[in-house]
Amino acid sequence: MQSAWRLALFMGAVTLPATVSSAQHIYWSRSRCSDMINRSDLDFNHVERLVMQPGSPAGLAVAPDGSKTFWSESFWCPRIAWMALNEPMGHGFIEATGQPGDVEIDWAGGVAYWVDAYAERIFRARLDGAQLEPLVITGQPRRIALDASQTSLYWIASQWNVIIRSDFSGTVLESVVNVNGARDLAIGGGRIFWSEDNSIWRANLDGSNVTLIQSGEPGAFRPNLLALDSNRGRIYWTDRTSGAIQVASLEGTEVADFVQPQASVGGITIDSNAGYLYWIDSGERGRAIFRAALGSAIPAQITPSLSDATTLAVDVLDSKLYWADVDWQNPDDSRVVRSNLDGTGFNEIANPTPGPVVIALDPVGRKIYWNTHGSQSHIQRANLDGSDMEMLVRDLDEHDPVRIALDLKAGHVYWTTWSQRLRRSRLDGSVVEDLIVDLPLRPDRGLAVDPLGGKVYWGDASHTIFRSDLDGSNMETVFEVPDAWQLLSFSLDLVHRRIYRVYLADYSYHVGFRDHLDDASSEQLPAAGLDIRGMAFQYGPSAEPMGCRYVHVLPPHSSLPLAIQIRSPDFPCLVGYVQADGSVGTSPYYFVPTRLADLPLTGGAFVPGVRYDLQLEHADGQVFAIAPFSMAIWGDTVGEFQEGTWTAPNGIVDIVDVLAVVDRFKGLPAAPPMAQVDLYPQSPNGVIDILDIVSCLNAFRGIPYPFGGPCN
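Computed from a predicted structure; not experimentally measured. (Residues numbered from 1 in each chain as written. Predicted model: local features only at pLDDT ≥ 70, side-chain atom pairs only at ≥ 80, totals over all residues. Heavy atoms only, no water.)

Description of the overall build of the chain
Stated precisely, the cut-off is as follows: A helix here means a DSSP run of H or I that spans at least four residues, while a strand means a run of E at least two residues long, and both kinds are numbered starting from the N terminus. Burial classification: accessible surface area is computed with a 1.4 Å probe over protein chains only, and a residue below 20% of its type maximum counts as buried, one above 50% as exposed, and the rest as partly exposed. In what follows, residue pairs with any heavy atoms lying within 4.5 Å of each other are defined as contacts. Surface exposure here means Shrake-Rupley accessible area, sampled with a 1.4 Å probe, where a residue is shielded only by the protein chains that are shown. Under the convention used here, Asp and Glu are negative, Lys and Arg are positive, and both His and the chain ends fall outside the count. Each charge is placed at NZ for Lys, CZ for Arg, CG for Asp and CD for Glu.
The number of helices and strands found in the chain is three helices and 59 strands. Projected onto its principal axes, the C-alpha coordinates of the chain cover approximately 100 × 60 × 50 Å. Across the 712 residues in the chain, those meeting the buried criterion constitute 55%. For the chain, contacts bridging at least 24 residues in sequence account for 44% of all contacts bridging at least 6. For the chain, the accessible area works out to roughly 28,300 Å², and carbon and sulfur atoms hold 48% of it. Charge centroids of the chain, computed over 52 positive and 84 negative side chains, lie 1 Å from each other.

And the structure:
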């Protein structure tokens, strides 16, 4: 791992296995589903949903204790989604098929019921997603309601213009009351209520005593969705003409406007116990869940309202996630937003005109960069809190930037243009250069810089990924795909030297790959979360032992000065800070990590067989702890030789370990890394000679580690 610091720890016989401690995540945004921001490990396992919002809901339900809200999702991601209102990480969904519509919950039984408009029937499943099954129901059900006290299910059979009820299994059916184009229904107070084109009706649960409680002129009064507050004797409805949510008594009197949503309402429900009305509002930036106390009618937004999260960036130093929230219908309304890494603390930091499309983060200079689209085209930057906004490259209409990326090592910002160019400037916007002026096609499928490999990557409208040297020379094709595939996104993992690429395959399903940047190895990614709009990586800090003498330390995603503290709870004498010469002292010494160089730690203060802890400390007092780790046993240099490569040490010292040192001594191409076989002298010298071979032979013969310990 050339991109990490290297510490040489001089240790003896260790019985504990070598371990890797890391906190590594990949964050991604989804363009079509309600879980817009997600994270997982680098294999797309252990998925966490960080930011959720309603996508295309046709129903809304809130738990009686106000802890969770459920809504339906259809089209691209058919499911019943849910969110815990008081838990930042409380999100999930019930997998469904077809086009889920209106949803109701049997809270006592722990079962969700919903209408599937595509299958024209009602489905149910447990709230954990288990036992999904269709019910035996006909008549093209449109809207549903539950009477939990009688374990009865009611629905509008639009094919026959009748409300039908059954038991919860959907097997015992009976007609309740005839309707005329009913739009929604609700159950409460021993009665059934329903809305029609210009009227609201009620009846007893058996269909008797049909009563008109509210009506109006056609086109002037158009009630739609209903919600009942039986505790207070009130009925709420959405009006399609005025856009307001209105309220009246259950007798239809005392009619009043309750609240005026921003746009149209996709779902409405009541938590009678806590006294809140909830609704889903499709506002200017996308749908969000709102609520208002029944006595105050002051709306409060309880989920983020987002349009389309494009590119993501992670700042581990401040534990923040940044992304561009792009409003494609109103480009000048796009903005830069951020949240905590767990999805909480959502806030807007910049709303420039024109709006941003793609962002790039400079964690060293504490700046965020973006390109704009809309009425004008620029490249801009600001501090990470949105302050001190600067115009870097102005009025790029002729060469409108479509993607941007940063090379922090050389101090450049790169961008591709709709006019099929690759350009760059310095980070302050000066010295603009055209690197390639005749790219084959429109380069709008991603852009990334690999400073270590000296390459810049981009994807174009042919769904092909290209790369060139950083100055634009030596352009070459890296990945080509079948004609029926579309490149959705790609991103570089520069620590592990990998490229992640995601496609829409055959216009119907998603497929992803992870490839090594420096060789031909490739693997297909699991299917989870591959409807990806943008990706970002979070690394470290982590420690990875390399053989029995070195450990790679990956600092946080930052190049600010860090002090390295090391200790062992089994040796009170071993507490201190790594100094410039690699020794251990009592005062912090602050290194500036380059992430492209190794840092040797010299001296003989460390012994094996005990726990070692590293801690990275910023000068401002922030601390990054690394989980305990141990080195390989003395002389254990490698594991096995597989597919032309030596594997990591395996806890055994045998003749294979000796042969691995010999291979490095002979300079063979397939020899193991220097860090795994550099055994001699007490301070490893980066040279493999006969003394390293003899040291490994002695370890194989059982001769213990020959150097001293920290307390001698």
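Looking at the sheet that holds strand β18 (residues 191-196)
What counts, and what does not: Criterion used throughout: strands pair if DSSP finds at least two bridges between them. Note on definitions: angles span 0 to 180 degrees between N-to-C directions of axes, and those axes are lines fitted to C-alpha atoms, for helices only across the stretch in contact.
Pairing in this open sheet of four strands is antiparallel, and the strands run β17-β18-β19-β20 from one edge to the other. Edge strands, defined here as strands with exactly one partner in the open sheet, are β17 (184-188) and β20 (211-215). For this sheet, the mean angle separating the axes of adjacent strands, direction not counted, is 20 degrees. Across four bridges, the pairing between strand β19 (residues 199-204) and β20 is antiparallel. Directly across from W201, in β20, lies its bridge partner L212.

Brief notes about the sheet that holds strand β35 (residues 379-383)
Taken together, the four strands give an open sheet; going across it, the order is β33-β34-β35-β36, and neighbouring strands pair in antiparallel fashion. At either end of the open sheet lies a strand with only one pairing partner, and these are β33 (355-362) and β36 (390-393). In this sheet, adjacent strand axes meet at a mean angle of 30 degrees when their direction is disregarded. With seven bridges joining them, β33 and strand β34 (residues 367-373) adopt antiparallel strand pairing. Opposite I359, over in β34, you have W370 as the bridge partner.

Thoughts on helix α1 (residues 655-666)
In plain terms, the rule: What a helix is expected to span follows from its residue count: subtract one and scale by 1.5 Å.
Here α1 contains twelve residues, and its C-alpha end-to-end distance of 16 Å stays within 8% of the 16 Å for a straight helix at 1.5 Å per residue. Every buried residue belonging to α1 is among D657, V658, A660, V661 and D663, and all of these are buried. In this structure, the buried side of α1 is in contact with β59 (645-646), α2 (674-677) and α3 (690-700). Count one or two residues on from α1 and you reach G667, which has phi positive near 75 degrees.

A few points about the packing of aromatic side chains
The geometry of an aromatic ring pair is captured by two quantities: the separation of the ring centres and the angle between the planes. Heads up, the condition is: Only Phe, Tyr and Trp rings are paired, with Trp represented by its six-membered ring, and only when their centres lie within 6.5 Å; those with planes under 30 degrees apart are stacked, over 60 edge-to-face, the remainder tilted. Note on criteria: charge over ring means Lys NZ or Arg CZ within 6 Å of the ring centre, with the direction from the centre no more than 35 degrees off the ring normal.
Applying the stated criterion across every chain, the model contains 19 aromatic pairs. Here Y680 and F707 contribute two aromatic rings whose centre-to-centre distance is 6.2 Å and whose plane-to-plane angle is 45 degrees, an arrangement assigned as tilted. On the criterion of sequence distance, the pair formed by Y680 in the loop between α2 and α3 and F707 in the segment after α3 is long-range, its members being 27 residues apart. By relative accessible area, which is 32% here, Y680 ends up partly exposed. Each member of the aromatic cluster is reached from another via a ring pair, and the members are W28, F44, Y500 and F537. Its guanidinium or amino end placed over the ring of F479, R501 lies 3.8 Å from that ring's centre, counting from NZ or CZ.

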